[in-house]
Amino acid sequence: MGAGRGAKRAHGDKAVVDVEIEKLLRQQLLGLFFCHFWGEESGQTLTEHPWCWIVDPNDGTIDFLRGLKGSAISVGLLYKYTPVLGVVYAPVTEEGILDCIAWAEGLPALLRNGQPLILKLLDLPWSSDSRVMLSSAAVNKSDINLELCSPSAFVAMPSIAYRLAKVAARDGVCGVSLYTVSAHDVVAGHAC
């Protein structure tokens, strides 16, 4: 989508595509498994079900509208408030590739772009080779963020769900938000 076309499909900090994606995800997910649904754009469909889909159709919308790369579609499934499935899909990344990181209870490994990642639960060193995943706003005060993350470097990116999923995939040592988050922002990333 070109910048001009995207600008016409936005209102303030909302993109029309957010509502379109969530509507499609709501239909498809509830068709697969009907339960409680909580979407960032459309709100809740309350049921007595112990399961709940949590969806953010575009985690990082404001940065997406500014043309930054790294926003993500975030889909999580809770069972009695515990994440049991998470899919974080970043269609446009700084690396120029799409990235989909997923996990579900019972899987033997985290999946990245459909391939299993066999990861050992090791302590990742906090070193000059490691990365801390921060909000895109971190570049506005890069000197202080470099100092706070030292000896690691930081990577600034829009989506907190994607930051958490990248940490699960061992691309970083931690994921941080400089802003208040909601369940839509973190459930899928926490599941990974």
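Residues numbered from 1 in each chain as written. Predicted model: local features only at pLDDT ≥ 70, side-chain atom pairs only at ≥ 80, totals over all residues. Heavy atoms only, no water.

Enquirer: Could you give an account of the packing of aromatic side chains, with specific residues and numbers?
Expert: This model, assessed by the stated rule, comprises two aromatic pairs. The interplanar angle of 90 degrees and the centroid separation of 5.4 Å between the aromatic rings of F33 and W51 together place this pair among those described as edge-to-face. Of this pair, F33 sits in the loop between α2 (16–32) and β3 (36–39) while W51 sits in strand β5 (residues 51–59), placing them 18 residues apart in sequence. We classify F33 as partly exposed; its relative accessible area is 30%. Seen in terms of ring centroids, W51 and Y79 are 4.4 Å apart; in terms of plane orientation they differ by 45 degrees. Their pairing is tilted. With W51 in strand β5 and Y79 in strand β6 (residues 72–79), the pair connects residues that are 28 residues apart, well separated along the chain. Among the residues examined, Y79 registers a relative accessible area of 30% and is labelled partly exposed. Taken together, F33, W51 and Y79 form an aromatic cluster joined through their ring pairs. (Phe/Tyr/Trp six-rings, centres within 6.5 Å; stacked < 30°, edge-to-face > 60°. Helix = DSSP H or I, 4+ residues; strand = E, 2+ residues; numbered from the N terminus. Buried < 20%, exposed > 50% of the residue type's maximum accessible area, 1.4 Å probe, protein only.)

Enquirer: A description of the pairing of strand β8 (residues 99–104) should follow, citing residues and the corresponding values.
Expert: Pairing of strand β7 (residues 82–90) with β8, which is carried by six bridges, proceeds in the antiparallel orientation. Across the sheet, G86 pairs through a bridge with W103, a residue of β8. By the bridge criterion, two bridges tie β8 to strand β9 (residues 110–112) in an arrangement that is antiparallel. Considered in β9, the bridge of I101 is made with R112. Counted between consecutive antiparallel strands, the loop separating β8 from β9 contains five residues, among which G106 sits at a positive phi close to 100 degrees. (Pairing = 2+ DSSP bridges.)

Enquirer: Residues and numbers for the state of the cysteines, please.
Expert: Across all of its chains, the model carries zero disulfides by this definition. Distance from the sulfur of C35, which forms no disulfide, to the nearest cysteine sulfur (C52) is 6.3 Å. By relative accessible area, C35 is classed as buried at 0%. The structure places no disulfide on C192, whose sulfur is separated from the nearest cysteine sulfur, that of C100, by 8.3 Å. (Disulfide = S-S within 2.5 Å.)

Enquirer: So what's going on with the environment of S128? Residues and values would help.
Expert: Along the chain, the position of S128 falls in the loop between β10 (115–117) and β11 (131–134). S128 sits in the exposed class, given a relative accessible area of 52%. Note: C-alpha distance between S128 and P151 (23 residues apart in sequence) is 5.0 Å.

Enquirer: Kindly report on the pairing of β5, identifying the contributing residues and their values.
Expert: β5 sits mainly inside the fold: eight of its nine residues count as buried. Bridge analysis of β3 against β5 gives four bridges, and the strand direction is parallel. Bridged to W38 within β5 is I54. Both β5 and β6 contribute to a ladder of seven bridges, which runs antiparallel. Opposite W53, over in β6, you have L77 as the bridge partner.

Enquirer: So what's going on with the sheet that holds β11? Residues and values would help.
Expert: Strand order in this open sheet of three strands is β12-β11-β13, and the pairing throughout is parallel. Looking at the sheet topology across the chains shown, the edges are occupied by β12 (153–156) and β13 (174–175). Two elements, β11 and β12, share four bridges in a ladder whose sense is parallel. Bridge pairing in β12 links R131 to A153.

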